[in-house]
Amino acid sequence: VVKYFLGQSVLRSSWDQVFAAFWQRANMSLTEDILHREVTPDQKLLSRRLLTKTNRMPHWAERLFPANVAHSVYILEDSIVDPQNQTMTTFTWNINHARLMVVEERCVYCVNSDNSGWTKIHHEAWVSSSLFGVSRAVQEFGLARFKNNVTKTMKGFEYILAKLQGEAPSKTLAETAKEAKEKAKETALAATEKAKDLASKAATKQQQLQFV
């Protein structure tokens, strides 16, 4: 079973501006390595990057893994930029901690059909886990974290776009991230509590099986 997310966001900036902001936003990763980049005969830009980000595991899941397990997550990102049709498609997935959880995300950036000066973003995500007994709990947590990250990502876009357009952002990036985190806190907390309950039940069931 895979948890699926489908969402849509709108940025009140042109596609060109969002495209420029995308590469600046990506610089917020701990590390960034370009593995491949080429321009196709039909003038599309293809890129593959390796990104490093922090991603702390939930407390209830830390007991399932050794204390020395790295908290950094390595993410591969493929992107296709079509400047003629003004679309950009990205696909990302984590390549470590895959036994705990794999999050695959696909985003399509295109001109908003209702306002050509705005940009529409289609978000899709697939969250899966192969941990026996607690996969459902991990997926619930992963989906909640992903929704939280989408909110923070949009706030980051708005901050960078304001700077690119010469406007003074009303809040610092840290403040916008904090605000986004608070807005998503209720959803994340509810999902985490549900995940903890599922994990606890799974652990109890495993203990009972050991004594059978």
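These numbers come from a predicted model, not from an experiment.

Caption draft 1: Region of interest: the pairing of strand β3 (residues 45-54). Of the strand pairs in this sheet, strand β2 (residues 31-39) and β3 are connected by 8 bridges, and their pairing is antiparallel. Residue Val39 lies in a different strand from β3, and its bridge partner there is Leu45. Hairpin connection between β2 and β3: a loop of 5 residues separates the two successive antiparallel strands, and Gln43 in this loop has a positive phi of roughly 70°. Across 10 bridges, the pairing between β3 and strand β4 (residues 72-82) is antiparallel. Within β4, the position partnered with Thr52 by the bridge is Tyr74.

Caption draft 2: The side chain of Thr90, seen in detail. As for its position among the elements, Thr90 is in strand β5 (residues 87-94). Look past the residues within four positions of Thr90 in its chain and what remains in contact with it is Phe22, Asp78, Ser79, Glu105, Arg106, Cys107 and Tyr109.

Caption draft 3: Representation of helix α3 (residues 135-164). For α3, built from 30 residues, the straight-helix expectation of 44 Å at 1.5 Å per residue is met to within 8% by its first-to-last C-alpha distance of 42 Å. Note on α3: the residue one or two positions beyond its end, Gly166, has a positive phi of about 80°.

Caption draft 4: Focus on the sheet that holds β3. Strand order in the open sheet formed by 7 strands is β1-β7-β6-β5-β4-β3-β2, and the pairing between neighbours is antiparallel. The strands lining the two open edges of the sheet, one partner per strand, are β1 (3-11) and β2. Each adjacent strand pair in this sheet contributes to an overall mean axis angle of 15°, direction not counted. Bridge count between strand β6 (residues 102-111) and strand β7 (residues 119-128): 10 bridges; the pairing is antiparallel. Paired with Tyr109 across the two strands is Ile121, which belongs to β7. Relative to β1, α3 is tilted by about 15°, and along the sheet it contacts β1, β6 and β7.

Caption draft 5: Structural context of the pattern of salt bridges. This model, assessed by the stated rule, comprises 7 salt bridges. Where Glu140 meets Lys3, a salt bridge forms, and the shortest distance between an N and an O atom there is 3.2 Å. Highlighted residues: Glu140 in helix α3 and Lys3 in strand β1, separated in sequence by 137 residues. Lys44 serves as the salt-bridge partner of Asp42, at 3.8 Å between the closest nitrogen and oxygen. Of the residues examined, Lys44 reaches a relative accessible area of 27% and is grouped as partly exposed. Taken together, the salt bridges that share partners define one network made up of Glu32, Arg49 and Glu77.

Caption draft 6: Just the nonpolar core, in detail. Leu11, Tyr109 and Phe157 are the most contacted members of the largest nonpolar core, which totals 27 residues. Broken down by element, the residue count for this core peaks at 9 residues, all from α3. Not counting residues within four places of it along the chain, the set of residues in contact with Tyr109 comprises Trp15, Val18, Phe22, Arg25, Gln86, Thr87, Met88, Thr90, Thr119, Lys120, Ile121 and Phe157.

Caption draft 7: Here's a closer look at the environment of Asp42. You can see Asp42 is positioned in the loop between β2 and β3. Of the residues examined, Asp42 reaches a relative accessible area of 41% and is grouped as partly exposed. C-alpha separation for the pair Asp42 and Gln84, spaced 42 residues apart in sequence, amounts to 9.3 Å. Among the polar contacts made by the side chain of Asp42, one reaches the side chain of Thr40 at a distance of 2.3 Å.

Definitions and limits used
- Residues numbered from 1 in each chain as written.
- Predicted model: local features only at pLDDT ≥ 70, side-chain atom pairs only at ≥ 80, totals over all residues.
- Heavy atoms only, no water.
- Pairing = 2+ DSSP bridges.
- Helix = DSSP H or I, 4+ residues; strand = E, 2+ residues; numbered from the N terminus.
- Contact = heavy atoms within 4.5 Å.
- Expected span 1.5 Å × (residues − 1).
- Axes fitted to C-alpha atoms, helices over the stretch in contact; angles between N-to-C directions.
- Salt bridge = Lys/Arg side-chain N within 4 Å of Asp/Glu carboxyl O.
- Buried < 20%, exposed > 50% of the residue type's maximum accessible area, 1.4 Å probe, protein only.
- Core = buried A, V, L, I, M, F, W, Y, C linked by side-chain atoms within 4.5 Å.
- Polar contact = N/O pair within 3.5 Å; in protein donor to acceptor, adjacent residues only side chain to side chain.

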